[in-house]
Amino acid sequence: MKLTDAIGPENVKLDMEATDKREAIEELIELMAESCERCDADTILEAVLARERDGSTGLEKGVAIPHAKCDAVARLRIVVGVSHDGVDFESLDGKPSHLFFLLVAPTGESGPHVQAIAKIVKMIKLDRFRERLIKAKRPEDVIETIERVENGEA
Amino acid sequence: MSNPLGNILLYIDGSESSITAAQLAITMAKTYQSVLRVMYVVNENLLAELLKARVFVQMEKMDYERDLEEDGKRYLNYVVKLGDRKGIKVETVLRKGVVHEEVAHEAEQWGADLLVQGELGEVLSLRDSFYEEGERILRKVKCPVMVVRGRERIERMYEEA
């Protein structure tokens, strides 16, 4: 699967306003719900927070990948957020998270979910990829960057 | 002379491309009177990578492993039904492990004359393609490999078979 099949400019938020972990998750879910009429934001929030209680998805290098499986979505949904100030997401290295990928998949469809997470984990290892997303001026820049890396052009 | 395509092994990962590969494999099995075996592998390596990267916690990894196994059963059953529609009996194999190693092992143990798989996925760099299993399978198996592309054409072939 291609990530850009699941992420459009409407699924990208630059200049996130959240100042803490819960606010960041809420802001991302709100963005997801804006482009998905049938997505139940409250159920998604509950699922993502439950997953975070098992262990934070704040990784190193300023990236967090909160995710959950729940039937409040009909297919894999992904949103991307950028916080220039950074958010304490209880990350592995203790540093603030600036780049967020929130993924929610229905319970009966794990394959694409796992593949998408794996692909994101792979991409965020690339310094230039992270830098380009953080410096993006428009949501379209984020999509273009993801697409270029997916196509092996970056 | 024995049938050069007596045993066809089909690898599927549930992608649209692998279903196209299944349609071609069934069409070929019918044409060449081959035995067709379809295989799905729960990618334990990938789950382990995600656990190591701390994206997954242990319980979650186990949960996803069960989910992927169920996905695999569903995909295999779907290919069996595709075979039924054309009067082709399809054998199924579900394994867990390192995908390319499991596929190569099955191909060798069973004596596959041909491995059929869907299109190769995108790789982020040639040096580092840990999740691109199609590429790894291509390099690892010892029998001839067919990488299938051209969905519309193959769908027509399957319907006409």
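Here the structure is shown first, and the text comes after it.
This report concerns the structure included in the present document. (Residues numbered from 1 in each chain as written. Chains lettered and ligands numbered in written order. Predicted model: local features only at pLDDT ≥ 70, side-chain atom pairs only at ≥ 80, totals over all residues. Heavy atoms only, no water.)

## Some details on the overall build of chain B
Condition: Counting from the N terminus, the helices are the DSSP runs of H or I reaching at least four residues and the strands are the DSSP runs of E reaching at least two. Within these notes, the globule rule equals 2.2 Å times the number of residues to the 0.38 power, and the radius of gyration is based on C-alpha atoms. Accessibility here uses a 1.4 Å probe with only protein chains present; expressed as a share of the type maximum, an area under 20% marks a residue as buried, one over 50% as exposed, and anything in between as partly exposed. We call two residues contacting when some pair of their heavy atoms lies within 4.5 Å. When charges are counted, Lys and Arg are positive and Asp and Glu negative, with His and the chain ends excluded. A charged residue contributes its charge at one atom only: NZ of Lys, CZ of Arg, CG of Asp or CD of Glu.
Helices and strands together make up the secondary structure of chain B, namely 6 helices and 5 strands. Secondary structure of chain B in N-to-C order comes out as β-α-β-α-α-β-α-β-α-β-α. A compact globule built from 161 residues would reach a C-alpha radius of gyration of about 15 Å, and chain B, at 16 Å, matches this within 12%. C-alpha atoms of chain B, sized along the principal axes, occupy 50 × 30 × 30 Å. Every one of the 161 residues in chain B was classed for burial, and the buried ones make up 52%. In chain B, once contacts between residues fewer than 6 apart in sequence are set aside, the share between residues at least 24 apart is 77%. Distance from the positive charge centre (23 side chains) to the negative charge centre (28 side chains) of chain B: 2 Å.

## Some thoughts on the layout of surface pockets
Selection criterion: Using protein atoms alone on a 1 Å grid, points that fit a 1.4 Å probe yet trap it form a cavity, whereas open point sets bounded by protein on both sides within 12 Å along at least five of seven lines form a pocket; residues with an atom within 4 Å of a point count as lining. Grid points are joined across faces, edges and corners, and a volume is the space filled by probe spheres set on the points. The classification used treats Ala, Val, Leu, Ile, Met, Phe, Trp, Tyr, Cys and Pro as nonpolar, Asp, Glu, Lys and Arg as charged, and all other residues, Gly among them, as polar.
Considering only enclosed or pocket space, the largest pocket measures out at about 1200 Å³ in volume. Forming the walls of the largest pocket are 38 residues, and the residues nearest its centre are A:Met1, A:Gln115, B:Asp13, B:Gly14 and B:Ser15. Looking at the lining of the largest pocket, the elements that each hand over two or more residues are helix H1 (3-6) and helix H4 (110-123) of chain A together with helix H1 (16-32), strand E2 (35-43), helix H3 (58-85) and helix H5 (133-140) of chain B. Looking at side-chain class alone, the lining of the largest pocket contains 14 nonpolar, 11 polar and 13 charged residues. The calculated volume of the second largest pocket comes to roughly 270 Å³. In terms of lining, the second largest pocket is formed by 13 residues, of which the most central are A:Glu60, A:Val121, A:Ile124, A:Lys125 and B:Ala53. The element best represented in the lining of the second largest pocket is helix H2 (residues 44-52) of chain B, accounting for 3 residues. Considered class by class, the residues forming the lining of the second largest pocket number 7 nonpolar, no polar and 6 charged.

## Details of the packing of aromatic side chains
Heads up, the condition is: Pairing of aromatic rings covers Phe, Tyr and Trp, the last through its six-membered ring, and needs centres within 6.5 Å; plane angles under 30 degrees mean stacked, over 60 mean edge-to-face, and all others mean tilted. When the NZ atom of lysine or the CZ atom of arginine is within 6 Å of a ring's centre and also within 35 degrees of its normal, the charge is said to sit over that ring.
Counted under the stated rule, the structure contains 3 aromatic pairs over all chains. Seen from their ring centres, B:Tyr40 and B:Tyr75 are 5.8 Å apart, and the 55° between their planes marks the pair as tilted. Remark: B:Tyr75 occurs in helix H3 and B:Tyr40 occurs in strand E2; sequence separation between them is 35 residues. Judged by its relative accessible area of 6%, B:Tyr40 falls in the buried class. A residue is classified by how much of its surface remains accessible, and B:Tyr75, at 15% relative accessible area, is buried. Ring centres of B:Phe56 and B:Tyr64 lie 4.6 Å apart, and the angle between their planes is 5°; on these two criteria the pair is classed as stacked. Here the guanidinium or amino end of A:Lys69 rests over the ring plane of B:Tyr64, the centre of that ring lying 4.5 Å away. We note B:Lys86 situated over the ring of B:Tyr158; from NZ or CZ to the ring centre the distance is 4.9 Å.

## Here we look at unusual backbone geometry
Phi is positive for A:Glu90, close to 55°, though the residue is something other than glycine. With respect to the helices and strands, the residue A:Glu90 is situated in the loop between strand E4 (77-87) and strand E5 (97-105). The class for A:Glu90 is exposed, based on a relative accessible area of 54%. The phi angle at B:Arg54 is positive, at roughly 65°, despite the residue not being glycine.

## Digging into a nonpolar patch on the surface
All names here are of chain B. Spelled out, the test is: In this scheme, patches are assembled from residues that exceed 30% relative accessible area and form no salt bridge. Like charges are connected within 9 Å, while nonpolar side chains (Val, Leu, Ile, Met, Phe, Trp, Tyr) are connected within 5 Å. In this description, accessible areas are obtained by the Shrake-Rupley approach with a 1.4 Å probe, and a residue is regarded as covered only by the protein chains that are shown. For this analysis, a salt bridge means a side-chain nitrogen from Lys or Arg found within 4 Å of a carboxyl oxygen belonging to Asp or Glu.
A surface patch of nonpolar side chains, about 190 Å² in accessible area, is lined by Leu120, Leu138 and Val147. Mapped onto the elements, Leu138 comes out in helix H5. Given the relative accessible area of 35%, Leu138 is considered partly exposed.

## Quick notes on the pairing of E5(A)
Residue and element names in this part refer to chain A. Rule in force here: Strands are treated as partners if at least two bridges between them are detected by DSSP.
With 8 of 9 residues buried, E5 lies mostly within the body of the structure. In terms of strand pairing, E4 meets E5 through 7 bridges, oriented antiparallel. Its bridge partner lying in E5, Val87 is registered against Ser97.

## Quick look at the sheet that holds E2(B)
All names here are of chain B. What counts is decided by this rule: Note on geometry: axes are C-alpha line fits, over the in-contact stretch for helices, and angles between N-to-C directions span 0 to 180 degrees.
Pairing in this open sheet of 5 strands is parallel, and the strands run E3-E2-E1-E4-E5 from one edge to the other. Two strands close off the open sheet at either side, each with one partner strand: strand E3 (90-97) and strand E5 (145-147). Shown here is a sheet whose adjacent strand axes are inclined to one another by a mean of 25°, direction ignored. Summarising the sheet, strand E1 (residues 7-11) and E2 pair through 5 bridges and their orientation is parallel. From the neighbouring strand, Ile8 faces E2, where its bridge partner is Leu36. Contacts from H1 reach E1, E2, strand E4 (114-117) and E5, with the element oriented near 170° to E1. The sheet contacts of H3 involve E1, E2 and E3, and relative to E3 the element is tilted by about 165°.

## Describing the interface of chain A and chain B
Quick reminder of the rule: Buried area is understood as the total, over both parts, of accessible area removed when two parts are fitted together, assessed with a 1.4 Å probe.
Chain A puts 28 residues into the contact, and the matching count from chain B is 22 residues. Carbon and sulfur atoms make up 62% of the area that chain A and chain B hide from each other, which totals about 2100 Å². Where chain A meets chain B, there are 3 salt bridges. Put simply, A:Arg51 and B:Glu60 hold a salt bridge, and the shortest N to O gap is 2.8 Å.

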